[in-house]
Amino acid sequence: MELEDLPSPVLVEILSRLGDTTELARCRLASRTLRSLSRDVRSVRLFCSRDRFLRSRAPDTCDHDTPFRSLVANLASFLSASPGPIALALAAERPLSAPADEVDDADDLHLTAVPFLARWLPLLAARLRSLAIDDYWLQSCWRPSQALSLIADICHDLVNLEVRNAWLSVEELKPMHKLTSLTLEFIRLDDANLDKVNECFPSLQALNLIGVGGLKEPKIHLLQLRVCTWTVSNFVLSLTVCAPKLVELKLKCVEPEALHLETPLLSELDVTIKKARAPIVVGEKLNLRSLRIESSDLCNLAQVFAPSRTIKRLELEAYGSSHVVDLVEQCTIDLLSTFPDIGELVLGPRAWFILPENLSLRGELKNLKKLTVHLAPEELDAAMITWKLTPLLTHARYCQVVMLIPAAASMDSRTHVISKCISNFPGIRWKWDTWKCG
């Protein structure tokens, strides 16, 4: 069977899964059938690579390539003739040689510029269900954009919106009642407390705020929100999450002066806090099933969530980066009294490294079914590993131990550790794997 003999819906699905418009263009040249069906694709990605960027700036090649923003406008015109929903993604790759603090005065890759969006977005607005724009930071970082307002004005059926590497204004922003998923990543946002986000995106079920700057006392207050990832890049006075239907939260910040969680249905929490300057306030008793804590203040954070007696999976990690562990206050966590029902315990490489001098885990873990240990690169001594494992496995008779060895470790080191652990703990079910450091 030839490719063209496949049913049209199958061919459209294949074309919709291509990496970017370059591959789509090649398929259009391959046959008349593919050329005709290419208008019906449901997902398109237009990507300006580093090579294309450099060619556009080089004197010898700058006149040979069509400007990237003109390609976007041409694509929108081409796709506008077909009905049906579509997902569109635009991205500009940053050159490797560009300094972090450099500013580009040009605007040929400023993808959130309102005049640029106004040229082509109305052609696809009725079809768009998903829109992703990865702007070119060197051109967008010093230009505030009202792209959100324009998108809200004309893309009434948009369900998913993703914007990265831009400075976004919320001036004249109107509600988008059908939007259920929003991602803002490495964004300077002129909405210090997230008031406009709460007001104009009331139907959000998934929210990702990653490296969003310009915040002071941000509060997420979304009644339909179910999944949230929030990485706070700057120091803020307080953080508040008020979401009665939230079930999964991943929160990363440095030293907030206050943290308030009003999330009664929360079941999975992944929290990274260097150190909380003030107590964390949990509005109602949580019903957590899975808890991950990364902090220099593990004991205090563990006590905050201890009232949630439903936790089955616990992961602990010391705050730091790569192999560097920040100063961790000496503490003891009584797992039996704090988390009596955990069936799975995961220890990150930095948490394992500070055992037991700075972090002591006590309690008869009779219900423990699985222990996962990320061995620290600096610590592949079999005697040391045995010494650290003994208190954890003394009463865990039916436990499986998953030992993750640094991928960079030599084969001799791996073999020695494995043989010693098996001989020192003969009743334990072992599983071995590797993990990539840093």
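These remarks concern the structure in this document. (Residues numbered from 1 in each chain as written. Predicted model: local features only at pLDDT ≥ 70, side-chain atom pairs only at ≥ 80, totals over all residues. Heavy atoms only, no water.)

### Focus: the packing of aromatic side chains
A ring pair, where both rings are aromatic, is described by two values, the distance of the centres and the angle of the planes.
Alright, step 1. In the structure shown here, the tally under the stated rule is four aromatic pairs.
Alright, step 2. By way of ring pairs, the aromatic residues Phe425, Trp430 and Trp432 are connected into one cluster.
Alright, step 3. Lying over the aromatic face of tryptophan 167, arginine 188 brings its terminal NZ or CZ to 3.7 Å of the ring centre.
Alright, step 4. Seen from the ring of tryptophan 352, lysine 388 lies directly overhead, with NZ or CZ sitting 5.4 Å from the centre. (Phe/Tyr/Trp six-rings, centres within 6.5 Å; stacked < 30°, edge-to-face > 60°. Lys NZ or Arg CZ within 6 Å of the ring centre and 35° of its normal.)

### Some points on the nonpolar core
Alright, step 1. Trp120, Trp230, Ile333, Leu345, Leu361, Leu371 and Leu389 are the most contacted members of the largest nonpolar core, which totals 124 residues.
Alright, step 2. If you tally residues by element for this core, the top one is helix α5 (residues 68-79), at seven residues.
Alright, step 3. Aside from chain neighbours lying at most four places away, what touches tryptophan 230 is Leu194, Leu209, Leu215, Pro218, Ile220, Leu239, Thr240, Val241, Lys250, Leu251 and Lys252. (Core = buried A, V, L, I, M, F, W, Y, C linked by side-chain atoms within 4.5 Å. Buried < 20%, exposed > 50% of the residue type's maximum accessible area, 1.4 Å probe, protein only. Helix = DSSP H or I, 4+ residues; strand = E, 2+ residues; numbered from the N terminus. Contact = heavy atoms within 4.5 Å.)

### Some words on unusual backbone geometry
Alright, step 1. The omega torsion of the bond from leucine 355 to proline 356 falls at -15°, within 30 degrees of zero and hence cis.
Alright, step 2. Note on placement: proline 356 falls in the loop between α12 (349-353) and β20 (359-362).
Alright, step 3. Unusually for a residue other than glycine, leucine 194 sits at a positive phi of about 65°.
Alright, step 4. With respect to the secondary-structure elements, leucine 194 resides in the loop between β5 (181-189) and α9 (195-200).
Alright, step 5. Here leucine 194 falls in the buried class, since its relative accessible area comes to 0%.

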